[in-house]
Amino acid sequence: MIGRIFAVALLAGLAAGLAVSVVQHFTTTPIILHAEEFENKPAASLGGHARVDPDARGLTGGRLYLAHEHAPGADAEGWAPEDGLERALYTALANVLTAIGFALVLTAVVYMRGRPVDGRRGVLWGIAGFCVVSLAPALGLPPEVPGSVAAELTARQGWWALCAAATAGGLGFMFLGPRRWMPWAGAALLALPHVIGAPHPEGMGGAVPPELAAHFVAASLVTTAAFWAFLGFATGTLARRFQLT
Amino acid sequence: MTVQTRQTVRTTAAERAVPAFLALLFGVFLVLGTGFAHSDAIHNAAHDTRHAFSFPCH
């Protein structure tokens, strides 16, 4: 059975990862490249967009980082793919691996649930996945363009993981829980990470214009929603074909 | 006329738990590898994916 689970996830992840790479080419990637122009320009040439005062940053106790800026004492940036085709190929590879990872989790949950599934039901599972790893975490940590100001990385990653786990548990209780109290427990779980609150920097004023940053939030969420709907559809269709449930 | 039979083998939740857990574990491992690893090379290779999927980056 483990072989069939992996087969479903590999095929669904490969298809969705390649598809989202094409969509990103028109939605998120142009904004990332545009933002990097501001990120790499010296502050003087930015016409008021770079408002972070290096001295002021010292006052925050070193907890404020401009994206791509290295902490004092860190090594210079290492290998990176060349802009253009090489970068696009590495992004597509990372997309496919991430998609296979998400597909494995989705397939495991669908299999564990043990109810019949098809493409349409798969879309519902996919939308749940979107809520767990994109929509709910975006309330605390909105999608960031390169060059935005953010709190320390490990703290944000920890909160992201907490939020994803609590949202998965909350949705599970809400929609699949057999007892009458479970939807209420689910709602409390959904709210929990946001009551705790995501780590935020103590200042604002990244190098990227707010219009561009705002556009990126929408582009990222819409692209990810389409990705998850397709991943769910592919997983559901393949799970039925492989008689997983 | 063809009659399609769909053979379903009923499994218990306990039987499903082990393969489901293994797949879940491997999937989480993959996502952590591409989206969360602190290695510079992995970060730079997966940079645009991390931003597009809105994983915490940098």
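Residues numbered from 1 in each chain as written. Chains lettered and ligands numbered in written order. Predicted model: local features only at pLDDT ≥ 70, side-chain atom pairs only at ≥ 80, totals over all residues. Heavy atoms only, no water.

J.: Tell me what's going on with the pattern of salt bridges, and back it up with residues and numbers.
T.: Applying the stated rule across the entire model yields four salt bridges over all chains. One salt bridge connects A:Arg156 with A:Glu144, and the closest N-O pair in it is separated by 3.1 Å. One end of the pair, A:Arg156, is in helix H6 (residues 153-176); the other, A:Glu144, is in the loop between helix H5 (119-140) and strand E2 (149-150), and 12 residues separate them in sequence. What emerges from the salt-bridge pattern is a single network uniting A:Glu36, A:Asp83, A:Arg87 and B:Asp48. (Salt bridge = Lys/Arg side-chain N within 4 Å of Asp/Glu carboxyl O. Helix = DSSP H or I, 4+ residues; strand = E, 2+ residues; numbered from the N terminus.)

J.: I'd like a rundown of the interface of chain A and chain B, residues and numbers included.
T.: Listed per partner, the contact involves 53 residues of chain A and 38 residues of chain B. In this assembly, chain A packs against chain B so that about 3,900 Å² is buried in total across both faces, 64% of it on carbon and sulfur atoms. Among the residues chain A hides against chain B, the three largest losses belong to A:Met112, A:Gln157 and A:Trp160. Together they make up 14% of the total. Between the two partners, chain A and chain B, sit one salt bridge. The residue A:Arg87 makes a salt bridge to B:Asp48 at a minimum N-O spacing of 2.7 Å. At the junction of chain A with chain B, the criterion picks out 13 residue pairs in polar contact (both at pLDDT 80 or more). (Contact = heavy atoms within 4.5 Å. Buried area = accessible area lost by both parts, 1.4 Å probe. Polar contact = N/O pair within 3.5 Å; in protein donor to acceptor, adjacent residues only side chain to side chain.)

J.: Please give an account of the side chain of A:Thr91 that cites residues and values.
T.: Looking at the element boundaries, A:Thr91 is found in helix H4 (residues 85-113). Not counting the four nearest positions on each side in its chain, A:Thr91 is found in contact with A:Gln24, B:Ala45, B:Asp48 and B:Thr49.

J.: Talk me through the side chain of A:Ser148; I want residue IDs and the actual numbers.
T.: Residues and elements named next belong to chain A. By the secondary structure assignment, serine 148 is in the loop between H5 and E2. Taking relative accessible area as the criterion, serine 148 reaches 17% and is therefore assigned buried. At 2.6 Å, the side chain of serine 148 and the backbone oxygen of valine 145 are in polar contact. (Buried < 20%, exposed > 50% of the residue type's maximum accessible area, 1.4 Å probe, protein only.)

J.: Could you give an account of the layout of surface pockets, naming the residues involved and the relevant values?
T.: Taken as a whole, the largest pocket spans an internal volume of roughly 1,100 Å³. A:Val109, A:Trp125, A:Ala128, A:Val132 and A:Ala168 are, among the 35 residues lining the largest pocket, the residues nearest its centre. Those elements giving two or more residues to the lining of the largest pocket turn out to be H4, H5 and H6 of chain A together with helix H1 (13-35) of chain B. With 10 residues, H6(A) is the largest single contributor of residues to the lining of the largest pocket. A breakdown of the residues in the lining of the largest pocket according to their chemical character gives 29 nonpolar, three polar and three charged. (1 Å grid on protein atoms, 1.4 Å probe; cavity = no way out; pocket = protein on both sides within 12 Å on 5 of 7 lines; lining within 4 Å. Points joined across faces, edges and corners; volume = space filled by probe spheres on them. Nonpolar A, V, L, I, M, F, W, Y, C, P; charged D, E, K, R; others polar.)

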